[in-house]
Amino acid sequence: MHRLTLEKRQVWIYLLAITGGLLVGSLAPEAGTYLERLVWPVLAMLLYATFCQVPLLHVRSAFSDRRFVLAVLLGNFVLVPCWVWVVLGWLPGDDPALRLGIALVLLMPCTDWFITFTQLGRGDTARAMAITPLNLLAQLFLLPFYLWLMLPPADFGGVWHADSALFAALALIGIPLTAAILTECWTEATAKGARWRDYLGWGPVPLLATVLFLIATSQVGAVRGAGALLPTLLPVFIGFLISMALFARGLAWSLRLPTEAGRTLAFSLATRNSFLVLPFALALPGGWEVAVVVIVFQSLIELLGMVVFLRWVPGMLFPHH
């Protein structure tokens, strides 16, 4: 099977993984206790495999198309945060875990399946790969600032401790990121290293499916408890996808981007880095499990939305004239 075939089917693979995890967790609740211990090491492997697909040593190449870079940065780090800020003020109720989960998952642009969907949606894959390391570095630096700006201290100040989120950031993101940079140095120097990178390219889909299965199995109670929130979350995440498509159309028109670059921009704004913020949510103390449910639910809505985007973006939003 070709790797692109696996990536085309990833939506259904993830749905099957979550469904299977909820089923196992419901029928054998004790299994969730044991499987939960596997989430962290599998997530670390997922992050490493994913980071290895990002050209981290070639950030400078992103600036070769300045108009496209400007569009991506304005969209992901100005328009998206403004949209999230407005939505957080509109949300009913005062559940801090709900607000934190929404902020975490929507503020971080995707660095993984964004490239796959750009390719499937007839965008510019070269531009997508070039901009990805810049997106990754920018979001890691800006996320704490956005959370400080948008959420009152009472919402997250009590959980943003060194033994939770800081550990997740350093151990579950910093170590795989450093290992990926070292791997990229090796892969660019040797043919054997290049083959290793190709092998790792098969990893993100099955590893993410495994993570989703483990989380679904261990968080069955949280999913049931958060069921009442899903009607609130659904219009938020669907509205986000529609808004990002329109933002991309407006930015592409105002900056006179080529058609393929406009499509790439649409997929960049619409896809979020759900797996990268999972360590933050999983590291939160008891009582904040809703944040994990929010992130997983958003990734499902996004993946189903990408099925629509693959037709809508090249067919109607950015058609060839």
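Provided above is the structure to which this section pertains.
Quick notes on the rules
- Residues numbered from 1 in each chain as written.
- Predicted model: local features only at pLDDT ≥ 70, side-chain atom pairs only at ≥ 80, totals over all residues.
- Heavy atoms only, no water.
- Helix = DSSP H or I, 4+ residues; strand = E, 2+ residues; numbered from the N terminus.
- Rg over C-alpha atoms; globule rule 2.2 N^0.38 Å.
- Buried < 20%, exposed > 50% of the residue type's maximum accessible area, 1.4 Å probe, protein only.
- Contact = heavy atoms within 4.5 Å.
- Areas by Shrake-Rupley, 256 points an atom, 1.4 Å probe, with all protein chains shown as cover.
- Lys, Arg positive; Asp, Glu negative; His and termini not counted.
- Charge placed at Lys NZ, Arg CZ, Asp CG, Glu CD.
- Core = buried A, V, L, I, M, F, W, Y, C linked by side-chain atoms within 4.5 Å.
- Axes fitted to C-alpha atoms, helices over the stretch in contact; angles between N-to-C directions.
- Left-handed = near helix turned anticlockwise from the far one by under 90°.
- Nonpolar A, V, L, I, M, F, W, Y, C, P; charged D, E, K, R; others polar.
- Phe/Tyr/Trp six-rings, centres within 6.5 Å; stacked < 30°, edge-to-face > 60°.
- Lys NZ or Arg CZ within 6 Å of the ring centre and 35° of its normal.
- Polar contact = N/O pair within 3.5 Å; in protein donor to acceptor, adjacent residues only side chain to side chain.

Here's the deal with the overall build of the protein
Scanning the protein from N- to C-terminus turns up 17 helices and 0 strands. Its C-alpha atoms give the protein a radius of gyration of 19 Å, near enough to 20 Å, the size a compact globule of 321 residues would have. Taking the principal axes of its C-alpha atoms as reference, the protein extends roughly 55 × 50 × 35 Å. Here the protein, with 321 residues, has 56% of them falling under the buried criterion. A separation of at least 24 residues holds for 88% of the contacts in the protein among residues at least 6 apart in sequence. With an accessible surface of roughly 14,100 Å², the protein has 69% of that area assigned to carbon and sulfur atoms. Across the protein, 19 positive and 16 negative side-chain charges occur, with their mean positions spaced 12 Å apart.

A word on unusual backbone geometry
Even without a glycine there, the phi angle at R122 is positive, about 60 degrees. Following the sequence through the fold, R122 ends up in the loop between α7 (113-120) and α8 (125-150).

Some details on the nonpolar core
As a rule of thumb, soluble globular proteins bury nonpolar side chains together. Ranked by internal contacts, the top residues of the largest apolar core, which has 110 residues, are I102, L106, F237 and L265. Ranked by residue count, the leading element in this core is helix α17 (residues 290-317), at 14 residues. Those residues in contact with L265, other than ones at most four positions away along the chain, are F68, A71, V72, A248, L251, A252 and L257.

Focus on the packing of α7 against helix α15 (residues 259-270)
Packing of α7 against α15 leaves a shortest axis separation of 9 Å and a crossing angle of 145 degrees. Considering how the two elements wind past one another, α7 and α15 form a crossing that is right-handed. Here α7 contributes F114, F117 and T118 to the contact with α15, which in turn contributes T264, F267 and S268. In the contact of α7 with α15, the residues fall into 3 nonpolar, 3 polar and no charged.

Concerning the packing of aromatic side chains
Counting across every chain of the model gives 7 aromatic pairs. Between F145 and W148 the ring centres are 6.0 Å apart and the planes differ by 35 degrees, which places this aromatic pair in the tilted class. Of this pair, F145 and W148 both sit in helix α8, 3 residues apart, which is roughly one turn of that helix. Taking relative accessible area as the criterion, W148 reaches 59% and is therefore assigned exposed. Grouped by ring-pair contacts, the aromatic residues F145, Y146 and W148 constitute a single cluster. Positioned over the ring face of F68 is R127, at 5.9 Å from the centre of the ring.

Digging into the side chain of S218
For S218, the location among the structural elements is in helix α12 (residues 204-218). Residue class for S218 comes out buried when judged on its relative accessible area of 19%. A polar contact of 2.9 Å, which involves the side chain of S218, links it to the backbone oxygen of L214.

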